[in-house]
Amino acid sequence: MSRDDLNGLYVITDTTRFQREALVEAASEAIGGGARIVQYRDKSTDAERRRDEAAALAELCRHHDRVFIVNDDVALAIAVGADGVHLGREDAPLTDTRARFEAAGLDAIIGVSCYADRLRAERAAAEGADYLAFGAMFPSPTKPHAPGAPAEVLGWARERLGRPVCGIGGITAANVADLMPHRPDMIAVISEVFAAADIRAAAESLTRAMAAGRVQNPAQSNSRINHDPENP
C-alpha cells in the first residue's frame, strides 16, 4: 500500500474486547463495512499474542489491499511487514523511527498524533510525517479525559502542511458530518465500530455519513465541535 491510500475510515483495534481469531474477524467485518486503514493497538506485555495478532492482521490487510499500521511498536511493525507505525507524544522520535525502517530496507508510512498542538504538527510535517492526527474531536469513551481539539485545525493542517489529516476522538456516525466541511482525509474510530453489536453495519454507517458530510456547505459546521482557546 502507498501514501495515496491514506483516506477514508481508519479503524483502531480494541484488544480489550477482541483477541486472536476474534480480533481478526472483527477487523475483517470492519473492512467489509468500508474501513480503508487498520491500526493494531495493544498496550499489553503479551509479546507472543501481540506478534500473532499483528501478523494475522497484516495478512488480512494485504489480502484486502488495505493499509496496516502498528501503534508505536517499530520492531513489531517491521517483523510482521506492516505498512507503517503511528507515533504518540511518548513514543520514539519520528526521525529515529524512519531510520529504523530504512535500515530494514522499508519505506514506511509514519503517522503522528498532534492532539491540538499546531507547533507539534508543524514539526512533524517538517520531519517527514506521512499523516497527522488531531483530537479529541469530541468526548471520547476510550480517553475520556483527553483535551478537545478544534475541528478547524483539520483544515488548517491540510492546507498549510500539505499532509493527509486524520480526526480522532469520540467520532460517531451522528457527529462525523460536523467534521467533514474541514476536509479530513481520514476519520479514526475505536468504540464506534468495535463496540457495536454489528461491526460491519457500524463501519458502513460511518462511511456513508462521511460521504454525505463531504458535500455539505462548510458554513453548516456547527457549535458542537470543540474549540481550543489557545489554538483559535
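Anyway, here's the lowdown on the structure attached to this text. (Residues numbered from 1 in each chain as written. Predicted model: local features only at pLDDT ≥ 70, side-chain atom pairs only at ≥ 80, totals over all residues. Heavy atoms only, no water.)

1. Things to note about the pattern of salt bridges
So, step 1. Scanning the entire structure with this criterion turns up 14 salt bridges.
So, step 2. Of the charged contacts, one joins R49 and D42 as a salt bridge, the two residues approaching to 3.3 Å between their closest N and O atoms.
So, step 3. A relative accessible area of 5% places R49 in the buried class.
So, step 4. The structure contains a network of salt bridges with shared partners spanning D42, D46, R49, R50, E53 and D73. (Salt bridge = Lys/Arg side-chain N within 4 Å of Asp/Glu carboxyl O. Buried < 20%, exposed > 50% of the residue type's maximum accessible area, 1.4 Å probe, protein only.)

2. Some words on the pairing of strand β2 (residues 35-40)
So, step 1. The buried count for β2 comes to 5 of 6 residues, which makes it a mostly enclosed element.
So, step 2. Here strand β1 (residues 8-12) pairs with β2 via 4 bridges, running parallel. Along β2, the bridge assignment pairs Y10 with I37.
So, step 3. Tracing the backbone out of β1, into helix α1 (residues 20-32) and back to the parallel element β2 gives a crossover that is right-handed.
So, step 4. Where β2 lies against strand β3 (residues 67-71), 4 bridges are found, and the strand directions are parallel. Bridge pairing links Y40 to V70 in β3.
So, step 5. Handedness of the crossover joining β2 and β3 through helix α2 (residues 47-63) is recorded here as right-handed. (Helix = DSSP H or I, 4+ residues; strand = E, 2+ residues; numbered from the N terminus. Pairing = 2+ DSSP bridges. Right-handed = clockwise from strand over helix to strand, strands pointing away.)

3. Structural notes on the nonpolar core
So, step 1. Grouped together as the largest cluster of nonpolar side chains are 62 residues, with contacts concentrated most on V11, F68, F134, M137 and V193.
So, step 2. Of the residues forming this core, the biggest block, 6 residues, is contributed by α1.
So, step 3. For F68, the residues in contact, after removing those within four places along its chain, are V38, Y40, A54, L57, A58, C61, V80, A82, D83 and G84.
So, step 4. Within the second largest apolar cluster, 13 residues are counted, among which are L6, I109, M186 and I190. (Core = buried A, V, L, I, M, F, W, Y, C linked by side-chain atoms within 4.5 Å. Contact = heavy atoms within 4.5 Å.)

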